[in-house]
Amino acid sequence: MDRYKKQRLRMVEYQIKSRGIKDPRLLKVMETVPRHLFVDEALRDQAYNDNPLPIDERQTISQPYIVALMTEALELTGKERVLEIGTGSGYQTAILAELADRVFSIERIAALAGGARKLLDALHYYNVAIRVGDGTYGWKEESPFDGIIVTAGAPSVPRTLLSQLTIGGKMVIPVGGRHSQSLIKLTRISEDLNEVKKEDLGGCRFVDLVGEYGWEY
Ligand code: SAH
């Protein structure tokens, strides 16, 4: 067993399971996906620590527990089409690719999208489409989605994204101020966009969602 495998098993035990994440498919996948490859070589030994880490372009790879919490909230069974806003390193994308049927991911910074694409190809994640652009508009041509995950902090829930969810679809998004947000889970329950079920999953801290329905650059 390689060194990183041991670190991964420990990460799942002490950071993920111990905090109440139960989805067995998700736990298995987090024991498998090589998170250390999604960070800079100099940071590899910190890849399984209980915190976010810097990636290029002044962005961050989310803390493992937050990835688990957000992913579990989507209640994936393997059949879903999922939209991700904020590809970043591509780590969350890989987790989704293992658990859903198809993943569509939008990243506004081309260099990050390119890096993630290369790595996801090398790891054989062929059910992932990545596009460079402002994800606050969603991805209309590929909608509706059974799940939408926004991995950057938003001032409010973009209605464009809600409108691209299936009825019964789940969306998870950090909403709040620029320095701290609440992780919100929304379930669309009818055609009426005002009729959504809303749950607060707790406090979090993400980099800005920058765009038309996000923060100003
Ligand atoms: N899930 C990623 C998180 C990266 S940080 C990971 O764990 O690696 C959030 C990412 O969202 C950044 O890469 C940032 O460039 C991107 N982002 C911010 N606003 C965006 C927008 N409007 N559309 C698409 N991507 C956006």
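Since this is a predicted model, take the numbers as computed values, not measurements.

Peer 1: So what exactly am I meant to see when it comes to the sheet that holds strand β3 (residues 81–85) here?
Peer 2: Pairing between the strands of a sheet is mediated by backbone hydrogen bonds and can be parallel or antiparallel. What the seven strands build is an open sheet, ordered β5-β4-β3-β6-β7-β8-β9; its pairing is mixed. In this open sheet, the two edge strands, each paired with only one partner strand, are β5 (128–132) and β9 (196–204). This sheet shows a mean twist of 15° between the axes of neighbouring strands, independent of strand direction.

Peer 1: What's the story with the site of the ligand in this structure? I'm lost.
Peer 2: The local shell around the ligand holds 26 residues, among which Ser89, Glu107, Asp134, Gly135 and Val210 are the closest. At 3.5 Å from a nitrogen atom of the ligand is found a main-chain nitrogen or oxygen belonging to Gly133. In the model, a nitrogen atom of the ligand is placed 3.0 Å from a nitrogen or oxygen of the Asp134 side chain.

Peer 1: Looking at this structure, how should I read unusual backbone geometry?
Peer 2: Most peptide bonds take the trans configuration, and most residues that are not glycine carry a negative phi. With an omega of 5°, the peptide bond between Ser143 and Pro144 qualifies as cis. Looking at the secondary structure, you find Pro144 in the loop between β5 and β6 (145–150). For Arg58, which is not glycine, the phi dihedral falls at a positive 60°. Within the secondary structure, Arg58 sits in the loop between β1 (53–54) and β2 (60–61). Note on Arg58: relative accessible area 78%, which makes it exposed.

Peer 1: Whenever I open this one, the pattern of salt bridges confuses me. Can you help?
Peer 2: Side-chain pairs of opposite charge can arise where the charged atoms are in close proximity. In total, this model carries 11 salt bridges according to the counting rule given. In this structure, Arg3 engages Asp45 in a salt bridge whose closest nitrogen and oxygen atoms are separated by 3.0 Å. Residue Arg3 is located in helix α1 (residues 3–16), and its partner Asp45 is located in the loop between α2 (24–30) and β1; the two are separated by 42 residues in the primary sequence. With relative accessibility at 48%, the residue Arg3 sits in the partly exposed group. With relative accessibility at 48%, the residue Asp45 sits in the partly exposed group.

About the criteria used
- Residues numbered from 1 in each chain as written.
- Predicted model: local features only at pLDDT ≥ 70, side-chain atom pairs only at ≥ 80, totals over all residues.
- Heavy atoms only, no water.
- Pairing = 2+ DSSP bridges.
- Helix = DSSP H or I, 4+ residues; strand = E, 2+ residues; numbered from the N terminus.
- Axes fitted to C-alpha atoms, helices over the stretch in contact; angles between N-to-C directions.
- Near = heavy atom within 4 Å.
- Polar contact = N/O pair within 3.5 Å; in protein donor to acceptor, adjacent residues only side chain to side chain.
- Buried < 20%, exposed > 50% of the residue type's maximum accessible area, 1.4 Å probe, protein only.
- Salt bridge = Lys/Arg side-chain N within 4 Å of Asp/Glu carboxyl O.

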